[in-house]
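Geometric and topological summary
Residues per chain, in single letters:
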Amino acid sequence: MAEMDKKVQILDDKGIGRAITRIAHEILEKNKGAKNIVLVGIKTRGVPLAERLAEKISQIEEIEVPVGNLDITLYRDDLSEIDQDPVLHGSQIPVDVAGKVVILVDDVLYTGRTVRAALDALIDIGRPKVIQLAVLVDRGHRELPIRADYVGKNVPTSTNEVVKVRLHETDDENMVIIEN
């Protein structure tokens, strides 16, 4: 008989909220405020996280931070393995990124390949002054030399574990779980 899959919750709704608040403060500290910042969420779950960060920064600094979203489908290095006819959702960034501090936002940082694809997609849109990376969870196991500037929670994992981020906006609940 196979061992049952185990699920361990590592962040609940309040834990996610605290992580967002901490990341927002770290962003403001590192960039000396919110001027010239653009948050860009990597589809799918990076988008609501970017929106939450923008809302938190707005509460702290009383300034609106533009939020965009990035579809990296065509930039993935595993596209041919995933789908012969990929569905494109398009990227939407409400301001010119040239000369701005662009903060890419994603849910989980793992191998670094998603971030590499996002960097390629972003550079095709414009030339930011600086690109920074914010992630809710960093689980390690990098295959590329990429690191996050802002991390909600570092979670050491094994390669056979799966980290799942579930957000109200996409999944009707807020939690981060590890499945074995």
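So, here is what we can say about the structure in this document. Note that the structure is a prediction, hence the values are computed from the model and not measured. (Residues numbered from 1 in each chain as written. Predicted model: local features only at pLDDT ≥ 70, side-chain atom pairs only at ≥ 80, totals over all residues. Heavy atoms only, no water.)

1. Some thoughts on the nonpolar core
Across soluble globular proteins, you tend to see nonpolar side chains buried next to one another. With 31 residues, the main nonpolar core has I27, L39, L53, I103 and L136 as its most contacted residues. Counting residues per element, the ones that place at least two in this core are helix 1 (13–30), strand 2 (37–42), helix 2 (46–61), strand 4 (101–109), strand 5 (130–138), strand 7 (162–166) and strand 8 (175–179). Per-element accounting of this core gives the leading share, 7 residues, to helix 1. If sequence neighbours within four positions are ignored, L136 has contacts with L11, I16, A19, L49, D106, D107, G152, K153, V165 and V176. I42, I93, V102 and V151 belong to the second-largest nonpolar core, a separate cluster that totals 20 residues. (Core = buried A, V, L, I, M, F, W, Y, C linked by side-chain atoms within 4.5 Å. Buried < 20%, exposed > 50% of the residue type's maximum accessible area, 1.4 Å probe, protein only. Helix = DSSP H or I, 4+ residues; strand = E, 2+ residues; numbered from the N terminus. Contact = heavy atoms within 4.5 Å.)

2. Points about the side chain of D106
Looking at the element boundaries, D106 is found in strand 4. If we skip the residues at most four places from it in the chain, D106 touches I42, G46, L49, T114, A134, V135 and L136.

3. Notes on unusual backbone geometry
For the bond from K43 to T44, the omega torsion is 15°, close enough to zero to count as cis. Along the chain, T44 falls in the loop between strand 2 and helix 2. One non-glycine residue with positive phi stands out, namely K32, at about 55°. Positive phi values are uncommon outside glycine, yet E62 reaches one of about 55°. As for its placement among the helices and strands, E62 is situated in the loop between helix 2 and strand 3 (67–70).

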